Amino acid sequence: MSVDSAQSTTRDIILRETAALFAMDGYAGVSMRDIATAAGITPAALYHHFRDKSALYRATMEYAFGSKLVELPSIIFAEAPIEDRFAAFVEWFSELVATDVVYARLLQREMLDGDEDRIRYLTEEVFREPFKQTMAMMEEIAPGGDAHQLTIFAFGMIFGHFAFTPTRRLQHGYKPKHDDPKKVAKSVTQLLLNGLKTFSVVDAEAQ
C-alpha cells in the first residue's frame, strides 16, 4: 500500500468514527482523545491529520453529509417529467434517513445542539447548494409558490417521519409498512404533489 493510500484510509477511518461519535454524544461531548481511541491511533497521529477539533468537525460534516448529497443534482435535473423527478427525490431522501442511522442522528444532533458557527458552516458550506437545487425543483412544480418554504416542508415531512420512529411505533395505528422507506416515499410523494399545486395557487393569491 502506498503512503498516500495509507493516509487516505486512516483519514476515512477518522472521519467515519468522528461522525459516529458526534452523532451519539454531540460535538461538546467528544474529545480529540476519544476520537483517536475510536480510530485506533494516537492523539499525535490524529493531530497530524487535523490541526484541531474545529478542522476535524468541518471535514466530518463534509464526509457525513456532502458525500451523500452529491447524488442530488442527477435526481433533480434528470431528463424526466417533474413528477417523476420529485418522486425520485422523495424516495432518495427517505432511503437516506431511514437506513443511514449516523446521517440521521448527526443531522438531528446538529440541529438541536449546533452553535452559531457550526450551524452557519453547515448552512453555507454543506447544505447551501443542495437546498438551492431543491428549491429549483419546487419552483418548477409550484410556480408562484414560496419555494423556500416548500423545500423546508418537503425535507421536514420526510425527516420528521423517521425522526419520530421510536415513539410512532408505540402509537395506536402503527403498521410495519410505516418503516418501509419506499412505501413512505410513495405516500409522501402523493400527499406533497397534490398539496404543492394547491399551495402554489393559495400562496400566489395571498401575495
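In this text, all values refer to a predicted model and were calculated from it rather than measured experimentally.

Describing the pattern of salt bridges
In step 1: On inspection of all chains with the given rule, the structure shows 15 salt bridges.
In step 2: Of the charged contacts in the structure, one is a salt bridge between Arg85 and Glu140, with a shortest N-O distance of 2.7 Å. Separated by 55 residues along the polypeptide, Arg85 in helix 6 (residues 82-99) and Glu140 in helix 8 (residues 116-141) bring together distant segments of the chain.
In step 3: We note a salt bridge from Asp179 to Arg168, for which the minimum N-O separation is 2.8 Å. Placement of Asp179 in the loop between helix 10 (165-168) and helix 11 (181-206) and of Arg168 in helix 10 is noted, with a sequence separation of 11 residues between them.
In step 4: Classification of Asp179 by relative accessible area gives partly exposed; the value is 22%.
In step 5: Overall, Arg168 belongs to the buried group, its relative accessible area being 13%.
In step 6: One salt-bridge network, held together by shared partners, links Glu116, Arg120, Glu124 and Arg128.

Re the packing of aromatic side chains
In step 1: Within the structure shown, the criterion is met by 10 aromatic pairs.
In step 2: Ring geometry for Phe22 against Tyr57: centres 6.2 Å apart, planes inclined by 45 degrees, an arrangement best described as tilted. Of the two residues, Phe22 sits in helix 1 (residues 3-25) while Tyr57 sits in helix 4 (residues 53-69), which places them 35 residues apart along the sequence.
In step 3: By relative accessible area, which is 3% here, Tyr57 ends up buried.
In step 4: When the centroid spacing of 5.0 Å and the interplanar angle of 85 degrees are considered together, the rings of Phe93 and Phe155 count as edge-to-face. Taken together, the residues span a long stretch of sequence, with Phe93 in helix 6 and Phe155 in helix 9 (residues 147-163) at a distance of 62 residues. Each member of the pair, Phe93 together with Phe155, is buried.
In step 5: Among the aromatic side chains, those forming a connected cluster through ring pairs are Phe86, Phe89, Trp92, Phe93 and Phe155.

Conventions adopted
Residues numbered from 1 in each chain as written. Predicted model: local features only at pLDDT ≥ 70, side-chain atom pairs only at ≥ 80, totals over all residues. Heavy atoms only, no water. Salt bridge = Lys/Arg side-chain N within 4 Å of Asp/Glu carboxyl O. Helix = DSSP H or I, 4+ residues; strand = E, 2+ residues; numbered from the N terminus. Buried < 20%, exposed > 50% of the residue type's maximum accessible area, 1.4 Å probe, protein only. Phe/Tyr/Trp six-rings, centres within 6.5 Å; stacked < 30°, edge-to-face > 60°.

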